[in-house]
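Structure assessment
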Amino acid sequence: MKRVLLASSCVLMLVLTFFIIEQISRLSDADAYAYANAGNVDDVADAWREQVPEATKAPEKVEPSLMPTEQPTPLPTPLPTVTFTTQYAHTGEMKELYAYGQGVAYGLRYPVYEDNAMQAAVQSAAEALLTKELESFAGCEGTECKLLIDYEDGEAGQLQSVLFRIERETDDGKEYTAIPWVYNKKKGEVVDAETLFADRAYIYIAEQVSNGITGSRENFVSYLLTADGAKFFYEMDGEEGSVIVSYLELHTYMAVTINGNVVADSIRELDPDKPMIAFTFDDGPHYQQTPRLLEILEKNDARATFFVLGDRAFWDESNKRAVKMVSDSGNEVASHTYSHKDLATLSLEKLTEEIVKARDNICALTGEYPTFVRPPYGSYDDEVKAYSYAPLITWNLDSKDWSFRNKDQIVEQVLAEAGDGKIILMHDIYEFTVSAVEVLLPKLIEEGYQIVTVRELFYYKDVELENGKVYHSSYN
Ligand code: ZN
């Protein structure tokens, strides 16, 4: 059953890829800033206003004769005190709090989740937000000092996303802001936008908006992650809007990949200032050597990229299992095409078949489309670049394992040529190659290298990857 779902989501993604141009739904102005303009939000706000106590009450008149003759030193106005233990109202999926203090009437809503740790985290985020917002009302003496915090939530794989919508009302009018909150359920921690999206993600998002907005982080502070994609809100020249970008498009800019139901943490926390080197393994999977290699990687806290062959991946159950193990262990599965033909010699029809069949087989096993393609023999031409629908990853350090066929010579070759940002070519179908890796990893780590996947390498080196472009390393 799970397999069927997985396969059908791959088909869906395939369709989406082919019609990628229309994947970005640009929402009309009418839909823009739902929290500011949408009817339901106003209705909610109206309903709240009825529940929220009046902000200002006329002071009771005191007879002059009862006033003390000496004016006491005025005390500083204390900040509103928030008591979170009172007035909670359980309404199924959210918690509500209405109260009044120090001239401000306020309301807070936040979601209730089954996961206790996540619940504690979202509650503390909501309370901190309320406290901070109330502080900014200090001294508000108008007739309309109101604060309403509502939310919208969404889920994308292991990420729970909440967008707190804040409505502030003073005599100067109303102001709307929205603050995102994201929680990684698998890791049990709150994730910020800096961790989630690389800087260059915003350049891509701005391109989708295509109204001249600058692709900077500050312009897309508010966002909500949903099953369909990441929805970013923006404001430009007084106009408000939003754009949804699918994870398939965003994934090379993200620290977490989200495709359908299957999500893996694809970028580890690494030291960007320490050297990195990417081991890549072609022509697998191998039912014996691939799992053995995974163990060695795991033992060294290292990760690598496996350019597998689409047909070999489906040879038998043990090969299928090997591909799944690569993906499940946090290593990267990429495409070495379906059957290892020299792509530059093929007709467009055959070329497309090599790309698409490999991609579908990989997706059927891992639930994710491979991000990268490595053309067999490193052979490509303009047609290959245009119709691979992926960045083409080659190498700039050939271990020559296929020609040495000897562990020690492979070790010597790699150590002699190792360097920051390099991509190493190897093959996980040979016993001697895997044995060489077993020797190489501790040595390179001792030299200060971090052993990373191709995706991690480009992420940390801040290289913008484009479909149809060829990359030999992080720097050329
Ligand atoms: Zn190959």
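Scope of this entry: the structure provided in the associated data block. Fair warning: this is a prediction, and the values are worked out from it, not measured in the lab. (Residues numbered from 1 in each chain as written. Predicted model: local features only at pLDDT ≥ 70, side-chain atom pairs only at ≥ 80, totals over all residues. Heavy atoms only, no water.)

1. Here we look at a nonpolar patch on the surface
- On the surface, Leu 348, Tyr 387 and Tyr 389 cluster together into a nonpolar patch covering about 240 Å² of accessible area.
- Along the chain, the position of Tyr 389 falls in the loop between α12 (382-387) and β17 (392-393).
- Judged by relative accessible area, Tyr 389 falls into the partly exposed class, the value being 34%. (Patch = residues over 30% accessible without salt bridge, like charges linked within 9 Å, V, L, I, M, F, W, Y side chains within 5 Å. Areas by Shrake-Rupley, 256 points an atom, 1.4 Å probe, with all protein chains shown as cover. Salt bridge = Lys/Arg side-chain N within 4 Å of Asp/Glu carboxyl O. Helix = DSSP H or I, 4+ residues; strand = E, 2+ residues; numbered from the N terminus. Buried < 20%, exposed > 50% of the residue type's maximum accessible area, 1.4 Å probe, protein only.)

2. Looking at the packing of aromatic side chains
- One pass over the full model with this rule turns up 14 aromatic pairs.
- Site record: aromatic cluster; members linked through ring pairs are Phe 197, Tyr 202, Phe 220, Tyr 223, Phe 232 and Tyr 234.
- Taking the ring centre of Phe 137 as reference, the NZ or CZ of Arg 168 above it sits at 4.5 Å.
- The ring of Tyr 430 carries Arg 405 above its face, with NZ or CZ at 5.1 Å from the centroid. (Phe/Tyr/Trp six-rings, centres within 6.5 Å; stacked < 30°, edge-to-face > 60°. Lys NZ or Arg CZ within 6 Å of the ring centre and 35° of its normal.)

3. Thoughts on the coordination of the zinc ion
- The protein atoms donating to the zinc ion are Asp 283 (OD), His 336 (NE2) and His 340 (NE2), with metal-donor distances spanning 2.1 to 2.2 Å.
- In the primary sequence, the donor residues of the zinc ion line up as D-x52-H-x3-H. Of the two residues, Asp 283 sits in the loop between β14 (276-282) and α8 (289-299) while His 336 sits in the loop between β16 (332-335) and α11 (348-366), which places them 53 residues apart along the sequence. (Donors = N, O, S within 2.8 Å, 3.2 Å for Na, K, Ca; no water.)

4. A short note on unusual backbone geometry
- Residues Gly 284 and Pro 285 are joined by a peptide bond in cis, for which omega reads 5°.
- Note that Pro 285 resides in the loop between β14 and α8.
- With phi around 45°, Ser 210 is a residue other than glycine that occupies positive phi space.
- By the secondary structure assignment, Ser 210 is in the loop between α6 (199-209) and β9 (223-225).
- Among the residues examined, Ser 210 registers a relative accessible area of 52% and is labelled exposed.

5. Considering the pattern of salt bridges
- This structure, assessed with the given rule, holds 18 salt bridges.
- One salt bridge in this structure joins Lys 174 and Glu 167, with 3.6 Å as the shortest N-O distance.
- Lys 174 gets classed as partly exposed once you look at its relative accessible area, which sits at 39%.
- In this structure, Lys 341 and Glu 354 form a salt bridge, with 3.8 Å as the shortest nitrogen-oxygen distance. Remark: Glu 354 occurs in helix α11 and Lys 341 occurs in the loop between β16 and α11; sequence separation between them is 13 residues.

6. Remarks on the packing of helix α14 (residues 407-417) against helix α15 (residues 431-446)
- Running from amino to carboxyl end, α14 crosses α15 at an angle of 40°, the nearest separation of the two axes being 8 Å. What the angle tells us is that α14 and α15 run oblique. With respect to the hand of their crossing, α14 and α15 are arranged in right-handed fashion. Residue-level inspection shows Lys 407, Ile 410, Val 411, Val 414 and Leu 415 of α14 in contact with α15, the latter providing Phe 432, Thr 433, Ser 435, Ala 436, Val 439, Leu 440, Lys 443 and Leu 444.
- Of the residues contributing to the contact of α14 with α15, the split by class is 9 nonpolar, 2 polar and 2 charged. (Axes fitted to C-alpha atoms, helices over the stretch in contact; angles between N-to-C directions. Parallel < 35°, antiparallel > 145°, perpendicular 65-115°, else oblique. Left-handed = near helix turned anticlockwise from the far one by under 90°. Contact = heavy atoms within 4.5 Å. Nonpolar A, V, L, I, M, F, W, Y, C, P; charged D, E, K, R; others polar.)

7. Considering the nonpolar core
- With 33 residues, the main nonpolar core has Phe 279, Phe 306 and Met 426 as its most contacted residues.
- Secondary structure elements with two or more residues in this core: β14, α8, β15 (305-308), α10 (317-328), α11, α14, β19 (422-427) and α15.
- Considering every element that reaches this core, the biggest residue donor is α15, with 7 residues.
- In this structure Phe 279 touches Ala 304, Thr 305, Ile 424, Met 426, Val 437, Leu 440, Leu 441, Leu 444, Ile 451 and Val 452, once residues within four positions along its chain are discounted. (Core = buried A, V, L, I, M, F, W, Y, C linked by side-chain atoms within 4.5 Å.)

8. Some details on the pairing of β14
- Burial within β14 is extensive, with 7 of its 7 residues counted as buried.
- Here β14 shows two buried faces, one formed by Met 276, Ala 278, Thr 280 and Asp 282 and the other by Ile 277, Phe 279 and Phe 281.
- Where β14 meets strand β20 (residues 450-452), 3 bridges bridge the pair, whose relative direction is parallel. Looking at the pairing, Met 276 lines up with Gln 450 of β20.
- Where β14 lies against β19, 6 bridges are found, and the strand directions are parallel. Counterpart to Ala 278 in the pairing with β19 is Ile 423. (Pairing = 2+ DSSP bridges.)

In short, the description is geometric, and any link to function would need to be established separately.
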